[in-house]
Amino acid sequence: MTAPALTPPLIPADPNVHAQFVQWFREVAPYVHAFRGKTFVVAFGGELVQAGALSVLIQDLSLLSALGVRLVLVHGSRPQVNEQLRLKGIDFQFDRGLHITDAAALECAKEAAGEIRLDIEAAFSQGLPNTPMSHAHIRVVSGNFITARPVGVIDGIDYRHTGLVRKVDAEALQFVINHGSIALLSPLGFSPTGEAFNLAMEELATSVAVALRAEKLIFLTDAPSILDPEGNVDTELARDDADALVATGDIDAGTTVVLRHASRAVKLGVARAHLIPFDMDGGVLLEIFTHDGVGTMVVEDLLDDLRPATIDDVGAIVQLIEPLETDGTLVRRGRGSIERDVEKFSVAEHDGVIFGCVALYPYPAEKMAEMACLTVNSQWQGTGEGDKLLRHVESRARAVGITRLFVLTTRTAHWFIKRGFVPASVSDLPKDKQSHYDRNRNSQVFIKRLS
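What counts, and at which threshold
Residues numbered from 1 in each chain as written. Predicted model: local features only at pLDDT ≥ 70, side-chain atom pairs only at ≥ 80, totals over all residues. Heavy atoms only, no water. Helix = DSSP H or I, 4+ residues; strand = E, 2+ residues; numbered from the N terminus. Buried < 20%, exposed > 50% of the residue type's maximum accessible area, 1.4 Å probe, protein only. Contact = heavy atoms within 4.5 Å. Areas by Shrake-Rupley, 256 points an atom, 1.4 Å probe, with all protein chains shown as cover. Lys, Arg positive; Asp, Glu negative; His and termini not counted. Charge placed at Lys NZ, Arg CZ, Asp CG, Glu CD. Pairing = 2+ DSSP bridges. Axes fitted to C-alpha atoms, helices over the stretch in contact; angles between N-to-C directions. Phe/Tyr/Trp six-rings, centres within 6.5 Å; stacked < 30°, edge-to-face > 60°. Core = buried A, V, L, I, M, F, W, Y, C linked by side-chain atoms within 4.5 Å. Salt bridge = Lys/Arg side-chain N within 4 Å of Asp/Glu carboxyl O. Parallel < 35°, antiparallel > 145°, perpendicular 65-115°, else oblique. Left-handed = near helix turned anticlockwise from the far one by under 90°. Expected span 1.5 Å × (residues − 1). Bend = angle between axes of the 7 residues up to and from the residue.

1. Side note on the overall build of the protein chain
At step 1: Within the protein chain, the regular secondary structure consists of 15 helices and 21 strands.
At step 2: Taken over the C-alpha atoms alone, the protein chain extends approximately 90 × 65 × 35 Å along its principal axes.
At step 3: When burial is assessed residue by residue, the protein chain has 47% of its 451 residues classed as buried.
At step 4: Partitioning the intrachain contacts of the protein chain with sequence separation of at least 6 by distance along the chain shows that 69% fall at a separation of at least 24.
At step 5: For the protein chain, the accessible surface area stands at approximately 22,500 Å², while carbon and sulfur atoms represent 53% of it.
At step 6: Side chains of the protein chain carry 43 positive and 57 negative charges; the gap between the two charge centres is 8 Å.

Have a look at this one:
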């Protein structure tokens, strides 16, 4: 049997477009390596389905699955349940928060969950040519993975069939996702006595992510984005800051609910929790494969980390500086030189990906130090990361008694001048550096006095 022909993506015959495509593909590679084999729990409400955004989301999730990400999907069904209630003439509507689920409402919840589950399974069964689902063969597995208990009576009110998660069958879910299938969970749980309970999607997703020790819990939400004081999307929140924001009451009810569960997930061991607007095309991919993302990520501590390099970082450092060595911007050092001097390097890391580096070579007798190899991956350039590396080096230098910092450059003089460096001559360098100065490169010398 002949294998079906693959149609390559249509890319305009423009060398610039080709270069951009190749550059982007290479830049996302570290994320692909980092997340292969990791577990993501992706949660979304029935509002996403109602808005007609399911098919596009499924295409993006199928791509993640193809890249080796293990997926558990948790869907909600509130608008669909409300529509069932309306059609049956029941004068009650669910909104966010705790509500009584009587027998009639529970039947509506079952019907809505079954309808959405079938829609999701159908969407994953697509295989149209020239679409992201072409040649995809994805199995979706649902089941009784969730044991629930009743909320019970609170302040004299019996919440009937409204439930809470009692136990997640993590072993069974792991079996499903470890064998290449996607697990799909509806907002229903079952008791050992055979009763069904209506669950909140947010609580269910959080419980599952914690039980599976997921790398990411992703909420696709219709709630407004969380903004920083300048009015931009706040792309990263430490858990304590997320809790403080919830406590202020300054955000809407929908965001409050999701942010509270995101914080709880991180507190209980989930590495990252994300809030992404579901109406943004490709939002999941943009959040995962770009530096800042498009939503808000909740973490235990902020992820941007400037730290001393270790021997394990040498490969990443070489990868960063090799292009600049090739075009003559940096002096060639070679892997052996970097390994020997690795303790002089610092690296900038975000979510496990090293995107910048810098080295400090001290000359204690003259209380001077050379800053070298200041490099930031092109994807992060223009975001202030170079300035952070510079401040970090200045702090390191001051800590060891350095009063003057110097650089040798052939192409970036203006960048250093704008940051307080002034032109100098080779004779102003430490004696040992003068003897090793490469006059063939004719590098410009700049010095900054550290206050």
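There's plenty left to go through after this.
2. Overview of the sheet that holds strand β13 (residues 272-277)
At step 1: Read from one edge to the other, the open sheet built from eight strands follows the order β3-β8-β2-β1-β11-β13-β14-β12, with strand pairing classed as mixed. Of all the strands in the sheet, just β3 (140-141) and β12 (236-238) have a single pairing partner and so form its edges.
At step 2: Sheet analysis places strand β1 (residues 39-44) next to strand β2 (residues 70-75), joined by six bridges and oriented parallel. For V41, the partnering residue across the bridge sits in β2 and is V72.
At step 3: Sheet strands touched by helix α8 (residues 239-248): β12 and β14 (296-299). Its angle to β12, the strand with the most contacts, is close to 90°.
At step 4: Each of β11 (216-221), β12, β13 and β14 touches helix α9 (residues 253-267); the most contacted strand, β13, lies at about 160° to it.

3. Section: the packing of aromatic side chains
At step 1: Applying the stated criterion across every chain yields a total of eight aromatic pairs.
At step 2: Here F21 and F25 contribute two aromatic rings whose centre-to-centre distance is 5.6 Å and whose plane-to-plane angle is 15°, an arrangement assigned as stacked. In this pair, F21 and F25 both sit in helix α1 (residues 15-35), four residues apart, roughly one turn of the helix.
At step 3: Between F416 and F421, the ring centres sit 5.3 Å apart and the planes meet at 75°, which makes this aromatic pair edge-to-face. F421 carries the same exposure label as F416, and that label is buried.
At step 4: One aromatic cluster in this structure is built from F21, W24 and F25.

4. Here we look at the sheet that holds strand β17 (residues 353-363)
The pairing of strands in a sheet comes from backbone hydrogen bonds and takes either a parallel or an antiparallel form.
At step 1: Ordered in space as β15-β16-β17-β18-β19-β21-β20, the seven strands form an open sheet in which the pairing is mixed. The sheet is open, and its two edges are formed by β15 (305-308) and β20 (422-424), each paired on a single side. With direction set aside, neighbouring strand axes in the sheet form an average angle of 30°.
At step 2: Pairing of β17 with strand β18 (residues 368-376), which is carried by seven bridges, proceeds in the antiparallel orientation. Residue pairing for β18: Y361 is matched across the bridge by E370.

5. Some points on the pairing of strand β21 (residues 444-449)
At step 1: Of the strand pairs in this sheet, strand β19 (residues 404-409) and β21 are connected by six bridges, and their pairing is antiparallel. Looking at β21, one finds that L408 is bridged to V445.

6. Some details on the nonpolar core
At step 1: Residues F40, L61, L64, I120, L220, M371 and L405 are the most contacted members of the largest nonpolar core, which totals 54 residues.
At step 2: Excluding anything up to four places from it in sequence, F40 contacts F35, L64, V69, R70, L71, V72, E215, K216, I218 and I288.
At step 3: Grouped together as the second largest cluster of nonpolar side chains are 40 residues, L185, A205, V208 and V298 included.

7. Concerning the pattern of salt bridges
At step 1: Evaluation of the coordinates by the stated rule reveals 16 salt bridges.
At step 2: In this structure, the salt-bridge partner of K38 is E215, at a minimum N-O distance of 4.0 Å. Remark: E215 occurs in the loop between α7 (201-212) and β11 and K38 occurs in the loop between α1 and β1; sequence separation between them is 177 residues.
At step 3: Its relative accessible area of 17% is what places E215 among the buried residues.
At step 4: Residues joined by salt bridges that share partners form a network here, namely R307, D313 and E349.

8. Observations concerning the environment of D155
At step 1: Assignment of secondary structure puts D155 in the loop between β5 (153-154) and β6 (157-158).
At step 2: Here the alpha-carbon distance between D155 and R332, two residues 177 residues apart in the chain, equals 72 Å.

9. What to know about the packing of α7 against α9
At step 1: Between α7 and α9, the shortest axis-to-axis distance is 10 Å and the interhelical angle comes to 15°. Between α7 and α9, the angle falls in the class roughly parallel. As α7 packs across α9, the resulting crossing turns out to be right-handed. Facing α7, whose interface residues are E202, E203, T206, S207 and V210, α9 presents V257, V258, H261, R264 and A265.

10. Regarding the packing of helix α6 (residues 170-178) against α7
At step 1: With their axes 10 Å apart at the nearest point, α6 and α7 run at an angle of 80° to one another. As summarised for this structure, α6 and α7 are arranged roughly perpendicular, according to the angle between their axes. Residue-level contacts link A170, L173 and Q174 of α6 to V208, A211 and L212 of α7.

11. Observations concerning α1
At step 1: Taking 1.5 Å as the rise per residue, α1 with 21 residues should run 30 Å; its terminal C-alpha atoms sit 31 Å apart, in good agreement.
At step 2: Residue A29 marks the point of greatest curvature in α1, where the axis turns by about 30°; the proline P30 follows within four residues.
At step 3: Taken together, the buried positions of α1 are occupied by E27, V28, Y31, V32 and F35.
At step 4: Tucked into the core, α1 has its buried residues touching β1, β11, α10 (283-289) and β17.
At step 5: Following α1 by one or two positions, G37 adopts a phi angle in the positive range, close to 85°.

12. Some words on the environment of G37
At step 1: Within the secondary structure, G37 sits in the loop between α1 and β1.
At step 2: When the C-alpha positions of G37 and S191 are compared, they lie 32 Å apart, and in sequence the two are 154 residues distant.
At step 3: If sequence neighbours within four positions are ignored, G37 has contacts with G68 and R70.

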